[in-house]
Amino acid sequence: MINSSSEELLYNKNMPEYLSLDLLLKKIRVYSPDADLDTLIKAYHFSSEAHCSQKRIEGSPYIKHPLAVAYILADMTMDVSSIVAGLLHDTIEDTGTTTEDIRGIFGKEIAFLVKALTKLSKMEFRTKKEAQAENFRKMILAMSEDIRVIMIKFADRLHNMRTLHHLPENKQQRIANETLEIYAPIVNRLGIGWLKTELEDLSFKALMPDLYDELVRKVAKRKEEQEGYLKELIELINKKISEENLPCEVSGRIKHYYGIYQKMQKQRITFDQVHDVLGLRIQTDSKSNCYAILGIIHSLWTPIPGRFKDYIGVPKSNMYQSLHTTVIGPKGERVEFQIRTKEMHQLAEEGIASHWQYKEKGSIDEKSSQYISWLRDFIKGQKEDSDAMDFLEAVKGEVMLEVVYVFTPKGEIKEMPSGSTPVDFAYTVHTQIGHKCVGARINGKIVPLRYKLKNRDTIEIITSPNHGPSRDWLKFVVTQRAKSRIKQWVKTEEKAQSIELGIKLLEDELRRHGLMSSFLKSDEMLKVAKNFNINSLEELYVAVGFGRISPHQVANRLMPEKHEEETVHPKIQRPIKEQKGITIKGVDNILYHTGKCCYPIPGDSLVGFVTIGKGVTIHRKDCSNLERLSFEEARLVDVDWQSSGDSIALAKLFVETIDKPGILANLSSLISSVNINISHLEATSTQERKGHITFVIEVKDNAQLKSLIHKITQMEGILRVKR
């Protein structure tokens, strides 16, 4: 039946109030009578001595924490090595113990587990978030080698959450948020139902204590109101199922508090509108009997349309199996039923921990390996990802999944994350299917690649052998597999294109200066590359092809006696001397500077605006900012600006282009070819596959700028140019 106290629902696993080594050993002997416990006893004493001078924040001896972690691991029937590592998990980080000490006393296997759980405290990080992300990445990578790493971390996190109330409120909030966003979803992905429930409810209690307490009271009240009703219902169901000679065990169940809160938020309903707070769970002995019992229930009461889910025929990604149905029961009350076998129930509660068998370090049986196949695929796709924060976000995206179920043309069912597109589906079939995807048919009709898959869609991918992925796909795909494969392809393809384009641009520039193309692979060219902090010729070609360095800059470095040295990177703003040749009529020896709103240059119609304490700011007469200054005409002065031979001025150009590889490099090359230097550059792309590029360039006068604008407008792929 239903538990006597709703508060007890928070803890599916019960820990003794006073833990001891003897209780831990007794717990282990229950499920592993032949276990060698000598190493565990030695680990307990080692940990006690290492932490002897430390206390928990509430004042208790620190050893209580590793002992509690070890007991939780024993509750999960973990192997002795895992429990030993649980006892030792804080020794390297918090005491003078080293990895070598652990390895020498307890062996390589346990040393690996403890080291994987030790934070990167000796590394320097810019922010606390970055440190947390890097520590998390280290743990996940170790987890992919040995799943026990994350199981020990779960036990550690669970005990910390159970004692969270001893910490300051800001720390409670941070740890609870992290638990809810990262750890609980990973636990769910590994199918450990009881642990997910407890972590979520403990986090909910810390983050929203008032709402949590309110739900506890409301659930208790509803349980009290409906206990008699459910008791009668259970008696009736037992009688009907027994008449069919089907084995069954019927019990009440209560939805956990965070699950209720999520449902209220998602459906925007009140607690009174949540109908599955209380429900019934039926366990039987076989899959066929699950369906037989479902038939009995549907024959007794009317099922509610859309509320039947068959997770036996189509298990969840964490291998959860059960039949769910909601019916209009006696007295018009809605009642939710969960029907499953005892094995399915154990799997739903314990997940990967329900049937793993360790044969050697970290190895698990074939069935359990299905739980972490997603992790191995994920790690493979993240090998080249050097940013820990991006890695952390990618993990969140991988584990916090709602799903849709779609069909292949052959009728096979595929589970996809909610929001998936045909491109995501194509990459789950095969990388090359994804690369060659040009379209899709959903239920027989052609749909855009951005189409979001819906439950029961039948999807057929259309491919073309000469097609490749588009960078734009990254704007709508949701699966990590698709993202990583597209990024990898684009990176490889763009690098090859940029090398080819970079070589061509350099050849043209060298030819223009009367240099042989053999210079391309010369030692002199390699020296030029190193002047740009580039270590190889290939990287130099890539930089030129991408437009990060102009061919003109490279030529200048090859012939320094003929050209002034230019800046290495166009994105870096470099100071220039104040322009010469400006005359402010009627005023001598006054400070002036040019407006960064309109970037005036010699040849423009100009006006000066007198700013108190700052001298005169020079604007173009068509500058939009002058409209708001017009009411102070007395502060406007006439300006004359004649270009002298070596003077330069900054001008700003906006160029809209077709977004395609090489366009930025071609623009940079053209600008450099007319001896105009790029002082600053910004480039973005739009969803409509257009490029928006802003240049700040150094010019002599308006005539030179107009000539450049004319040349740019003649280029292929240019849509418009304006100052």
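In what follows, the structure referred to is the one given above.
Parameters and conventions
Residues numbered from 1 in each chain as written. Predicted model: local features only at pLDDT ≥ 70, side-chain atom pairs only at ≥ 80, totals over all residues. Heavy atoms only, no water. Pairing = 2+ DSSP bridges. Helix = DSSP H or I, 4+ residues; strand = E, 2+ residues; numbered from the N terminus. Axes fitted to C-alpha atoms, helices over the stretch in contact; angles between N-to-C directions. Contact = heavy atoms within 4.5 Å. Buried < 20%, exposed > 50% of the residue type's maximum accessible area, 1.4 Å probe, protein only. Phe/Tyr/Trp six-rings, centres within 6.5 Å; stacked < 30°, edge-to-face > 60°. Core = buried A, V, L, I, M, F, W, Y, C linked by side-chain atoms within 4.5 Å.

Student: Explain the sheet that holds strand β9 (residues 437–442) here, please?
Tutor: What links the strands of a sheet is backbone hydrogen bonding, and the strands pair in either a parallel or an antiparallel sense. The strand order β10-β9-β11 describes an open sheet built from three strands, whose pairing is antiparallel. At either end of the open sheet lies a strand with only one pairing partner, and these are β10 (445–447) and β11 (459–463). Neighbour-to-neighbour, the strand axes of this sheet turn through a mean angle of 35°, independent of strand direction. Strands in contact with helix α19 (residues 422–429) are β9, β10 and β11; relative to β11, the strand with the most contacts, it is inclined by about 80°.

Student: Any chance you could explain the environment of Leu-202 here in plain terms?
Tutor: With respect to the helices, strands and loops of the structure, Leu-202 is situated in helix α11 (residues 193–207). On the basis of relative accessible area, Leu-202 is assigned to the buried category, the value being 6%. For Leu-202 and Met-161, which are 41 residues apart along the polypeptide, the C-alpha to C-alpha distance reads 6.4 Å.

Student: Can you walk me through the packing of aromatic side chains in this structure?
Tutor: Given two aromatic rings, their pairing is described by the distance between the two centres and the angle made by the two planes. Here the structure, examined in full by the defined rule, presents eight aromatic pairs. Note on Phe-46 and Phe-106: the rings are 5.6 Å apart at their centroids and 90° apart in plane angle, and the pair reads as edge-to-face. Here Phe-106 lies in helix α6 (residues 99–106) and Phe-46 lies in helix α2 (residues 38–50), a separation of 60 residues in the sequence. Residue classification places Phe-46 among the partly exposed positions, given a relative accessible area of 22%. Under the relative-accessibility criterion, Phe-106 is labelled buried at 9%. Between Phe-204 and Tyr-212, the ring centres sit 5.8 Å apart and the planes meet at 80°, which makes this aromatic pair edge-to-face. Assessed through its relative accessible area of 1%, Tyr-212 is described here as buried.

Student: Where do I start with the nonpolar core in this structure?
Tutor: It is characteristic of soluble globular proteins that their nonpolar side chains tend to be buried jointly. The biggest cluster of nonpolar side chains holds 108 residues, and the ones touching the most others in it are Leu-24 and Leu-40. The leading source of residues in this core is helix α12 (residues 209–243), at 10 residues. Every residue in contact with Leu-24, bar those within four places of it in the chain, is listed here: Leu-40, Leu-67, Ala-70, Tyr-71, Ala-74 and Ile-83. Counting residues in each nonpolar core, the second largest holds 28 residues, with Ile-601, Ile-663, Leu-670 and Ile-693 among its members.

On their own, these measurements won't tell you what the molecule is for.
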